[in-house]
Amino acid sequence: MTNARESCIYEVNYATPRSFGTALKSDLKETLFPDDPFHEFRNEPPSKKAKKAVQYFVPIFEWLPKYSLRFFKYDLLAGITIASLAIPQGISYAKLANLPPIIGLYSSFVPPLVYAVFGSSKHLAVGTVAACSLLIGSIIGQKVSPVDEPELYLHLVFTATFFTGILQAAMGFLRLGIVVDFLSHSTITGFMGGTATIICLQQLKGMFGLKHFTTKTDVWRWESAVVGIIFLAFLQFTRYVKQKKPKLFWVSAIAPMVVVLTGCLFAYFAHAEKHGIQIVGDLKKGINPLSIQHLNFDPKYIAAPIQAAIITAMVALAEGIAIGRSFAILKNEQVDGNKEMIAFGFMNLVGSFTSCYLTTGPFSKTAVNFNAGCKTAMANVVMAACMLLTLLFLAPMFSYTPLVALSAIIMSAMLGLIEYEKAYRLFKTDKYDFLICMAAFLGVAFISMDVGLMLSVGLAILRALLYVARPATCKLGSIPNSSLYRDIEQYPEANGIPGILVLQLGSPIYFPNCNYIRERILRWVRDEQASRDADQAGSVTCIDITGVETLIEILKALEAKGIKMALVNPRLEVMEKLIVTKFIDTIGKENVFLSIDDAIEASRFNLKSSK
């Protein structure tokens, strides 16, 4: 045994465990600052540190000094293009949220300006989104009727937007992006699909010229249905053109505006209202009036805005950050999720003061912005300028917009969100992910949006807990002609070591999985029926006191069978716990090794000695 230990060049480090403060600081740094955002601040004089700090927290100060007219011509084109999409979408999605159409236009003016200052994505285009619009309308509509009490309803929507901004900004400052990670890709896919299905069904009444789906309503208007089908077919055709020829993306981008303008002209000259085709109605000129005085914190109503804020904040962050990162990857760039949270929070906070409702980064507008060749967030400024001109001079023109045109625009957008191919791919690759996706889809479609979302998130968390409670364990074997040890089930050519059992645990040893790990290890030992075993606990990242007690129980059980136990390369945090709890003294330092080779060599030496 001594010879085996002397042959080791490096020894296991038994340094004194770190203090609680040092360990806590290290854990918090890895949890909250995994990207080490302040690495550029090191070794810099105070003046440069201050400058870089301002640039870090307010990104416009980083890119604006480098801005040039060469960038502006691209941003100008992209900004005008996304503005042509923002106008019809703003009016349409405000309708989804049961809000006055002008609120949708307001929401595409102020928030983009705020995002241009604080946002870290070059390509994200700010605006309202269908899912959050429907969520707000559904949750607050349960408390206050938008028809019977429209003013109170509107004030509660502003209040929900205020709370959303507070929550998003706070999460960004506290660097709690980990919370959004619980909204998995499967959950988002199912949630968006279920939401799109509901929205499409809801828009059928607009397509048929009905106000409500009831037995007492008037007969559906065939004129409205014909116009709606024509508009929907045109929009779908432009989407098909975009898919077949990506360079013609602008055809799909301007299609909603073409539908709105055509609908306005048709409604004006054909006197559409006489034929049962309803129009948007009065749209007053003027920029956003202040709404800070309309925020309503009455205890009687406050629960609904808070509930709406919590759910929509998570959905908006997950969608906006995911979309921003997706397009950044295409340019080999990075988007800081925590900066995005702060930017979203500020733009919703300011928006709630200026007659706007919840905004984030919608996929459709961001895709158009990216394809139009935008270079910086200046495209959002251009879009806001276009919206300003619309609010000051053109808003009344859109009052003739047929509701059936808005329904067609919404349905066309929603059909693109039902990603059945992605759901099928989930079914083929991972049945549990497919279950999470369908839980969100069916829950949203048949129960409610918040229940469907919580059901799907619950299943995702359950899966994560199962990974912790039932960690993967495997027996390692030696790969021929190498010093590698790998799972013998994955690599059948790997050879077991006679008289030695090498096990690897792929999880922290915590209280939820201690009993399983103990029983699984003893089962491995029983199946192998080995007389001398080296038990490797590599890849264990953490351990708690229950885990240490479990190791003691395993050690005693193996000693009772005449089997020795060894540990290989415990990580820093694990080693500290083992030293503090005296487990290292119990197992003996001679049974803790730096590598599998060292452990096997020592085990073979022990086997020869015992014989």
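Scroll up a little and you will see the structure.
Predicted model, so just to flag it, every value in this text is computed and none were measured. (Residues numbered from 1 in each chain as written. Predicted model: local features only at pLDDT ≥ 70, side-chain atom pairs only at ≥ 80, totals over all residues. Heavy atoms only, no water.)

1. Structural notes on the packing of aromatic side chains
Inclusion rule: Side-chain rings of Phe, Tyr and Trp (the six-membered ring for Trp) are treated as a pair once their centres are within 6.5 Å; stacked means planes under 30 degrees apart, edge-to-face means over 60, and tilted covers the remaining angles. Burial classes follow relative accessibility: with a 1.4 Å probe on protein chains only, a residue under 20% of its type's maximum area counts as buried, one over 50% as exposed, and anything between as partly exposed. The helix count covers DSSP runs of H or I at least four residues long, the strand count covers runs of E at least two residues long, and both are numbered beginning at the N terminus. Whether a charge sits over a ring depends on NZ of Lys or CZ of Arg being within 6 Å of the ring centre and within 35 degrees of the ring normal.
Taken as a whole and judged by the stated rule, the model has 13 aromatic pairs. When the centroid spacing of 5.8 Å and the interplanar angle of 65° are considered together, the rings of tryptophan 63 and tyrosine 67 count as edge-to-face. By the burial criterion, tryptophan 63 is buried, and tyrosine 67 matches it. Judged by centre distance (6.0 Å) and plane angle (35°), the ring pair of phenylalanine 162 and phenylalanine 353 falls under tilted. With phenylalanine 162 in helix α9 (residues 150-173) and phenylalanine 353 in helix α15 (residues 337-353), this pair connects stretches of sequence that are 191 residues apart. If you follow lysine 375 out to its NZ or CZ, it ends over the ring of tyrosine 74, 4.8 Å from the centre.

2. Some words on the sheet that holds strand β3 (residues 503-505)
The criterion, for reference: The rule for pairing is simple: two strands pair if DSSP sees at least two bridges between them. Only C-alpha atoms enter the line fits that serve as axes; for helices the fit covers just the stretch in contact. Angles between N-to-C directions range over 0 to 180 degrees.
On the basis of which strands lie adjacent, the open sheet formed by three strands has the order β2-β1-β3 and antiparallel pairing. The open sheet is flanked by β2 (485-487) and β3, the only strands paired with a single partner. For this sheet, the mean inter-axis angle between neighbouring strands, taken without regard to orientation, is 40°. Bridge count between strand β1 (residues 473-478) and β2: three bridges; the pairing is antiparallel. Counterpart to glycine 477 in the pairing with β2 is arginine 486.

3. Some thoughts on the nonpolar core
Using the following cut-off: In plain words, nonpolar cores are sets of buried Ala, Val, Leu, Ile, Met, Phe, Trp, Tyr and Cys residues tied together by side-chain atoms within 4.5 Å. Residues count as neighbours in contact if any of their non-hydrogen atoms are within 4.5 Å of one another.
Core analysis: the largest hydrophobic core is formed by 112 residues, its most contacted members being Leu99, Ile103, Ile140, Phe191, Tyr357 and Met414. Per element, the largest residue contribution to this core is 10 residues, and it comes from helix α14 (residues 303-330). Each residue touching phenylalanine 191, except ones within four places of it in the same chain, is listed here: Ala131, Leu135, Val315, Ala440, Val444, Met449 and Leu453.

4. Describing unusual backbone geometry
The phi dihedral of asparagine 569 falls on the positive side, at around 50°, and the residue is not glycine. Relative to the assigned elements, asparagine 569 resides in the loop between β4 (567-568) and α24 (572-580).

5. Thoughts on the side chain of serine 107
With respect to the helices and strands, serine 107 occurs in the loop between α6 (101-106) and α7 (110-118). Residues within four places of serine 107 in sequence aside, it is in contact with Pro112, Thr128, Cys356, Tyr357 and Thr359.

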